[in-house]
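# What the coordinates show
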Amino acid sequence: MSPRGWAALTLAVLVVAGLVTLVLLVPWHRPPAPRADQLAALRDLPPEQVARAREFRGALRPGSWSALLLGLLVALLLGLTPLGARLVELAGRPFGGHWIAQALLGGLAVVLVAELVTLPFAVWRRTVLTRYGLRTDTWSDWTLDLVKSYALSAIVGAVALLGFYTVLRLAPRWWWAFGAAGAAGLVVLLSFVLPVLVEPVFNRFTPLADGPLRTEVMELAARDGVPVRDVLVADASRRTRAVNAYVSGFGPTRRVVVYDTLLHEATPAEVTSVVAHELSHAKHHDVLVGTVTGALGAAAAVVGLYLVGSWPPLLRLAGVESIREPTAFPLLLALVTLVGLVATPAQAAVSRLVEARADAHALALTGDPATFEAMQRRLATANLADPDPPRWEYLYSATHPSMVERVAAARAHARKAPR
Ligand SMILES: [Zn+2]
């Protein structure tokens with residue numbers, strides 16, 4: 001069988017493996033959250049709070065969608081016209097057009113251009129967040145954060161670009177196989193080291209201080225059968241007033257993190273309710289499952305790029321002879337951007353199911369739907385979330401059930417299991 005034949009077979013196997021993972025590990029049954037309860041929950045909120053949240057979300061919307069559209073247009077312009085290939089050549093020219101210079105500097109230049117065109121929207125977004133009191137950092141702190149994230153992306157990007165184009169040269173016929181394995185490995189590695197290498201670049205983490213809350217949280221984890229070494233507090237208040245908690249990493253790097261803003265704002269019972277939700281993510285290995293699906297997706301993307309990328313009309317559009325040249329990188333990036341655009345709503349839908357399960361877990365574990373509901377109200381207030389967002393936006397990008405859905409699920413749970 002030819003390398004193309006093997007690639008097609010590998011792609012089929014990866015797609016089936018990904019689908020099997022999803023079918024088996026995604027909690028497809030979503031606990032009920034009747035629309036009548038949702039509407040009642042919406043009516044229970046102060047109208048001025050709902051209006052303010054909608055005004056805020058409406059103020060963010062034009063910038064977010066414009067940034068998405070402009071990012072897509074630039075990616076397509078660079079990838080589906082010879083412009084991107086010329087940019088890569090230009091970046092390699094001071095080094096005699098050496099392939100390493102083209103791969104590394106050209107690749108980073110293309111990514112940087114795509115980043116810079118959306119930078120004005122990021123600036124604008126920050127001004128809106130500040131105007132509504134959500135952002136608390138200074139412009140210099142914000143700029144420092146931005147530079148740090150560019151630097152981190154440049155490091156990861158440089159490793160990926162150099163690795164990718166080295167493999168392309170060493171194995172011109174089978175690069176897609178090594179590339180797929182490398183991409184999957186990189187996804188797993190990044191997710192694993194994220195909490196210990198990346199997150200500390202942006203925040204300080206301290207163990208939750210000894211006291212009744214810590215005792216309660218550790219007891220809850222023990223009752224839930226989830227081994228939690230520590231609950232960490234992030235100094236999120238240095239840049240935001242939003243409240244949040246999350247689980248990141250897996251195996252030895254797994255951690256439950258709560259924002260210090262949450263500890264300041266919420267009652268201990270509400271914090272416990274949030275931690276109970278996070279314990280579900282830990283118990284069901286949601287980060288690991290997400291990482292494995294992501295790794296399968298990355299591997300499939302590399303094989304798919306190999307199969308699609310040798311299509312002559314595409315190469316002609318991009319003004320390159322072969323997908324293996326560093327000048328074809330903008331074409332690869334354009335294809336990846338397109339796939340990402342389509343994948344976003346699917347990822348969001350899966351995420352909402354996982355989050356709904358975590359809510360159900362929190363309700364069952366704490367047996368306290370009233371506190372859960374109070375916490376949801378507080379989350380929506382502090383984060384200026386639209387309690388019942390427009391359907392199209394919800395379907396495209398909402399990673400969590402809406403506030404009214406979460407409250408409705410709590411009320412339905414309370415009816416089913418009265419205390
Ligand atoms: Zn969650």
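Please read all numbers here as calculations on a predicted model, not as lab measurements.

Moving on to helix H4 (residues 83-92). Within H4, the full set of buried residues consists of Gly84, Ala85, Val88, Ala91 and Gly92. On an axial view of H4, the arc spanned by its buried residues comes to 125 degrees, and they lie on one face. Contacts made by the buried residues of H4 are with helix H3 (47-79), helix H5 (99-131), helix H12 (312-318) and helix H13 (329-366).

On to the UniProt feature "transmembrane region" (unreviewed entry) in the chain, then. According to UniProt, the "transmembrane region" (unreviewed entry) feature falls on residues 6-26, 67-87, 99-124, 145-168, 174-198, 287-308 and 328-350. Secondary structure content for residues 6-26 is 95% helix and 0% strand, and the end C-alpha separation is 29 Å. In residues 328-350, helix accounts for 96% and strand for 0%; the two terminal C-alpha atoms are 33 Å from one another.

Positive phi values are uncommon outside glycine, yet His285 reaches one of about 55 degrees. Even without being a glycine, Leu384 presents a positive backbone phi close to 50 degrees. You can see Leu384 is positioned in the loop between helix H14 (369-382) and helix H15 (391-397).

Summarising the element assignment, Gly163 is placed in helix H6 (residues 139-170). Taking the C-beta count within 10 Å as the criterion, Gly163 has 17 such neighbours and is therefore assigned partly exposed. Sequence separation between Gly163 and Gly182 is 19 residues; the distance between their C-alpha atoms is 8.3 Å.

Right, let's get into the packing of H4 against H5. Direction vectors running N to C along H4 and H5 enclose 125 degrees, while the axes themselves pass 8 Å from each other. Relative to H5, the element H4 lies oblique. Seen along the crossing, H4 lies across H5 with a hand that is right-handed. Counting all contacts with H4, which are made through Gly84, Leu87, Val88, Glu89, Ala91 and Gly92, the residues of H5 involved are Ala101, Gln102, Leu105, Gly106, Ala109, Val110 and Val113. Its residues assigned to classes, the contact of H4 with H5 shows eight nonpolar, four polar and one charged.

Okay, the nonpolar core next. Of all hydrophobic cores here, the largest spans 47 residues; its most connected members are Val110, Ala184, Ala298, Ala299, Val302 and Val303. At the level of elements, helix H1 (3-25), H3, H4, H5, H6, helix H7 (175-202), helix H11 (286-309) and H13 are the ones that each hand at least two residues to this core. Per element, the largest residue contribution to this core is eleven residues, and it comes from H11. When neighbours within four sequence positions are excluded, Val302 is seen to be in contact with Trp176, Gly179, Ala180 and Ala183.

Definitions and cut-offs
- Residues numbered from 1 in each chain as written.
- Predicted model: local features only at pLDDT ≥ 70, side-chain atom pairs only at ≥ 80, totals over all residues.
- Buried ≥ 20, exposed ≤ 12 C-beta atoms within 10 Å, placed from the backbone.
- Helix = DSSP H or I, 4+ residues; strand = E, 2+ residues; numbered from the N terminus.
- Arc of directions from axis to C-beta.
- Contact = placed C-beta atoms within 7 Å.
- UniProt positions renumbered as here; feature names shortened; annotations may be inferred.
- Axes fitted to C-alpha atoms, helices over the stretch in contact; angles between N-to-C directions.
- Parallel < 35°, antiparallel > 145°, perpendicular 65-115°, else oblique.
- Left-handed = near helix turned anticlockwise from the far one by under 90°.
- Nonpolar A, V, L, I, M, F, W, Y, C, P; charged D, E, K, R; others polar.
- Core = buried A, V, L, I, M, F, W, Y, C linked by C-beta atoms within 7 Å.

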